[in-house]
Amino acid sequence: MASGATPDVSPDAALDPEATRRDAGVAESSRANRGWWDRNADEYQIEHGTFLGDDRFVWGPEGLDEVEAELLGPPEDLKAKDVLEIGAGAAQCSRWLTAQGARPVALDISHRQLQHALRIGGTFPLVCADAGALPFADASFDLACSAYGALPFVADPVRVLREVRRVLRPGGRFVFSVTHPIRWAFPDEPGPEGLSVSASYFDRTPYVEQYIENGEGRAVYVEHHRTVGDRVRDVVAAGLRLVDLVEPEWPAWNSSEWGGWSPLRGNLIPGTAIFVCVRD
């Protein structure tokens, strides 16, 4: 849930990174985002920890909670299920799953994020790894989930989705949330300035924050845009079946702002897209 965030100033650079749109491949994206989350995990948990809670399962800044959504299934059906949480951060979702009797594994690319998971505590395994190369045997999990984890930040989402399919058992479900693709056409601002189209929805060029070193850009944050159609085709290409696409409406109780998310924008345009997939 870091869309539009700005990384800390690099110790070897006097200026803030520049924001641009340019190509960024698998290795560069992975390296940049691992570093960004390691540097910014503390600030992220301070700023958003209260909203996320220690043991809630929230799908996005709108506040849609798995307790009500049941996108993984009824809570009573989660008991004794093996569940992989991808991009777990401080593993709030895994803690909630544990309370339902599930057996989660919390995976994140950032070592520092997982240190916050250790700080809060839990009895489930923590795994530091890239979602594009999951360190698990085939058919290891009944379910998988990702609340803004991995998919917005990877250059090859099909690779991640294929890995998820590989580790899921037949009939297993994978649910993931990402920034709603329509948001890429608007400025990432919570106020009125964020309500006017400023870019082409069809421009898939990644958003990159970088330092210029020896005439070349060194990425320190990368986020990738896929249209709704792209996301659907990615799911199909990975061998999964899409069974639902949820676009949470902004609830009346939520008065908070989170980056470009706000009640003003949330009442007019979607901010989050949640894809519910099944491995047949």
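Conventions and cut-offs
Residues numbered from 1 in each chain as written. Predicted model: local features only at pLDDT ≥ 70, side-chain atom pairs only at ≥ 80, totals over all residues. Heavy atoms only, no water. Pairing = 2+ DSSP bridges. Helix = DSSP H or I, 4+ residues; strand = E, 2+ residues; numbered from the N terminus. Axes fitted to C-alpha atoms, helices over the stretch in contact; angles between N-to-C directions. Buried < 20%, exposed > 50% of the residue type's maximum accessible area, 1.4 Å probe, protein only. Core = buried A, V, L, I, M, F, W, Y, C linked by side-chain atoms within 4.5 Å. Contact = heavy atoms within 4.5 Å.

1. Overview of the sheet that holds strand β7 (residues 207-213)
A sheet is described by the order of its strands in space; here 3 strands give the open sequence β1-β7-β8, paired in antiparallel fashion. Each edge of the open sheet is held by one strand with a lone partner, namely β1 (18-21) and β8 (216-223). Averaged over all pairs of adjacent strands, the angle between their axes in this sheet comes to 40 degrees, without regard to strand direction. The pairing of β7 with β8 spans 7 bridges and is classified as antiparallel. Pairing of E209 across the sheet is with Y221, part of β8.

2. A look at unusual backbone geometry
Excluding glycine, residues mostly carry a negative phi; peptide bonds, for their part, are mostly trans. The backbone phi angle of A139 is positive, close to 55 degrees, even though this residue is not glycine. The topology assignment puts A139 in the loop between β4 (126-128) and β5 (141-147). One non-glycine residue with positive phi stands out, namely Y148, at about 65 degrees. Relative to the elements of secondary structure, Y148 occurs in the loop between β5 and α5 (157-167). Among the residues examined, Y148 registers a relative accessible area of 4% and is labelled buried.

3. Some points on the nonpolar core
Counting residues in hydrophobic clusters, the biggest one holds 28 residues, and the most contacted among them are L84, F136, F174 and F176. Listing elements by their share of this core, those giving two or more residues are β2 (82-86), β3 (103-108), β5, α5, β6 (168-179) and β10 (272-278). Sequence-distant contacts of F136, that is, excluding residues within four places in its chain, are made with L84, V105, L107, V127, F141, R166 and V167. Counting residues in each nonpolar core, the second largest holds 17 residues, with W59, L71, V83 and W96 among its members.

4. Comments concerning the side chain of S94
Within the fold, S94 resides in helix α3 (residues 92-99). What makes S94 buried here is its relative accessible area of 0%. When near neighbours in sequence (up to four residues on either side) are disregarded, S94 contacts E85, P104, V105, A106 and F124.

5. A few points about α5
Among the residues of α5, P157, V158, V160, L161, E163, V164 and V167 are the ones counted as buried. Here the buried face of α5 lies against β2, β5, β6 and α6 (228-237).

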